[in-house]
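Spelled out, the chains give:
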Amino acid sequence: MRIVFMGTPDFAVPTLETLIQSEHEVVGVVTQPDRPKGRSGKLQFSPVKEAAVEAQIPVFQPERIKDGTFYPVLQELNPDVIIVVAFGQILPKEILELPKYGCMNVHASLLPKLRGAAPIQWSVIDGDPESGVTIMQMDEGLDTGDMLMVQKYTLDAKETGGSLFDKLSQLGGPMILEVLKQAEAGELHPVPQGEEYTYAKMLSKETGKLDFTRPAVELERLIRGLNPWPSCYTGLQGKMLKIWDADIVDAGQQAAEQIEKGRCGQIVLIDKNRLWIQTGDGCLSVQSLQLAGKKRMNIADFLHGMQIDCGTILACD
């Protein structure tokens, strides 16, 4: 098949590379325009553009794919199918209907669970026992198209947003090759999603602000889900304190240490190797953290160089 690939971030690269190495022909790659990065403001290629340039595949970067000016370019490319993986723009009807086999999307959730912008992180935050990848026949809605293939993945007990991202990114390539094989043989069996769904809203830095009135079990999942980005944080001694990893302290542990319930956000136990924080329900035992201006450390190394009193309240100013 002649394939046009649309994608932007790291997550899309393994699928693109699988297609490049297959018997199919990737005739063009469409990605977001180069964006300035860092203090220098130097323009940076998207990860997908970097992969396409290395493979010497033509790259196209329309600012707004819906304005109609890019449609003639796609007509010239004459794709049999358009494969979309985290592209970042909504495709108009005329593009969806252009290829013989339409547009297929590699989506990082078990649809209709977690449509939207950040399904990987919200799967961890929500405490889902499993996640996965869905290949979807795209329509004009937001992740509403019929499902063509689903592959499930059982989350590890300490799964993070980053580790789940890496694992799911490897599933899309083999899946889309199988779907394309079925499409060519006329053996696709689209399955409607149904009307019940959840939405994975966009993440921001504010999402990671720790509210210690919430239960420890929810905060532990939030910390894992937002690791490595945008990360979870609170405040200590007037500085931002990022918490990268924490365990839930069960009632038995707390009783054995004779720890009485403190105020939410209060350090209720501290010694050479432990720092426990009171939450709205239970405690968190911090395992890895990072004070502004310092490197990330395990709890023992952090406490070795810090003077912190039991009873201190952690909170952002």
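Please read these numbers as outputs of a predicted model, since none were measured by experiment.

Peer 1: Describe the overall build of the chain, with residues and values.
Peer 2: A count of helical and extended segments in the chain gives 10 helices and 17 strands. If you line up the chain on its principal axes, its C-alpha atoms span 70 × 45 × 30 Å. When burial is assessed residue by residue, the chain has 48% of its 317 residues classed as buried. Of all intrachain contacts in the chain linking residues separated by at least 6 positions in sequence, the fraction that spans at least 24 positions is 65%. Total accessible area computed for the chain in this model is approximately 15800 Å², and 49% of it derives from carbon and sulfur atoms. Here the chain carries 31 positive and 42 negative side-chain charges, and the mean point of each set is 8 Å from the other.

Peer 1: Lay out the sheet that holds strand β2 (residues 25-30) in plain terms, naming residues and giving numbers.
Peer 2: Taken in spatial order, the 7 strands line up as β5-β2-β1-β6-β7-β9-β10 in an open sheet, and their pairing is mixed. Looking at which strands have only one partner, the edges of the open sheet turn out to be β5 (59-60) and β10 (147-154). As defined by bridge partners, strand β1 (residues 2-7) adjoins strand β6 (residues 81-85) across 5 bridges and the pair is classed as parallel. Paired with G7 across the two strands is V85, which belongs to β6. Lying on the sheet, helix α7 (residues 172-184) is in contact with β1, β6, β7 (103-107), β9 (130-137) and β10; it crosses β10 at an angle near 155°.

Peer 1: Would you mind going over the side chain of T160 in detail, with residue names and values included?
Peer 2: Assignment of secondary structure puts T160 in the loop between β10 and α6 (161-169). Given a relative accessible area of 17%, T160 falls into the buried group. Beyond its immediate stretch of four places on either side in the chain, T160 contacts V124, R224 and N227.

Peer 1: Tell me about a nonpolar patch on the surface, and please be specific about residues and values.
Peer 2: A contiguous nonpolar patch, built from I90, L142, Y197 and Y199 and spanning about 420 Å² of accessible area, is present on the exposed surface. Among the secondary structure elements, L142 is positioned in the loop between β9 and β10. Under the relative-accessibility criterion, L142 is labelled partly exposed at 41%.

Peer 1: Can you tell me about the layout of surface pockets, naming the residues and giving the values?
Peer 2: Taken as a whole, the largest pocket encloses approximately 1000 Å³ of empty space. Around the largest pocket, the lining is made up of 37 residues, and of these A86, F87, G88, G116 and A117 lie nearest the centre. Its residues assigned to classes, the lining of the largest pocket comprises 23 nonpolar, 11 polar and 3 charged. In this model, the second largest pocket occupies a volume close to 340 Å³. The element contributing the most residues to the lining of the second largest pocket is strand β3 (residues 35-37), with 3 residues. In the lining of the second largest pocket, the residues fall into 6 nonpolar, 4 polar and 4 charged.

What counts, and where the lines are drawn
- Residues numbered from 1 in each chain as written.
- Predicted model: local features only at pLDDT ≥ 70, side-chain atom pairs only at ≥ 80, totals over all residues.
- Heavy atoms only, no water.
- Helix = DSSP H or I, 4+ residues; strand = E, 2+ residues; numbered from the N terminus.
- Buried < 20%, exposed > 50% of the residue type's maximum accessible area, 1.4 Å probe, protein only.
- Contact = heavy atoms within 4.5 Å.
- Areas by Shrake-Rupley, 256 points an atom, 1.4 Å probe, with all protein chains shown as cover.
- Lys, Arg positive; Asp, Glu negative; His and termini not counted.
- Charge placed at Lys NZ, Arg CZ, Asp CG, Glu CD.
- Pairing = 2+ DSSP bridges.
- Axes fitted to C-alpha atoms, helices over the stretch in contact; angles between N-to-C directions.
- Patch = residues over 30% accessible without salt bridge, like charges linked within 9 Å, V, L, I, M, F, W, Y side chains within 5 Å.
- Salt bridge = Lys/Arg side-chain N within 4 Å of Asp/Glu carboxyl O.
- 1 Å grid on protein atoms, 1.4 Å probe; cavity = no way out; pocket = protein on both sides within 12 Å on 5 of 7 lines; lining within 4 Å.
- Points joined across faces, edges and corners; volume = space filled by probe spheres on them.
- Nonpolar A, V, L, I, M, F, W, Y, C, P; charged D, E, K, R; others polar.

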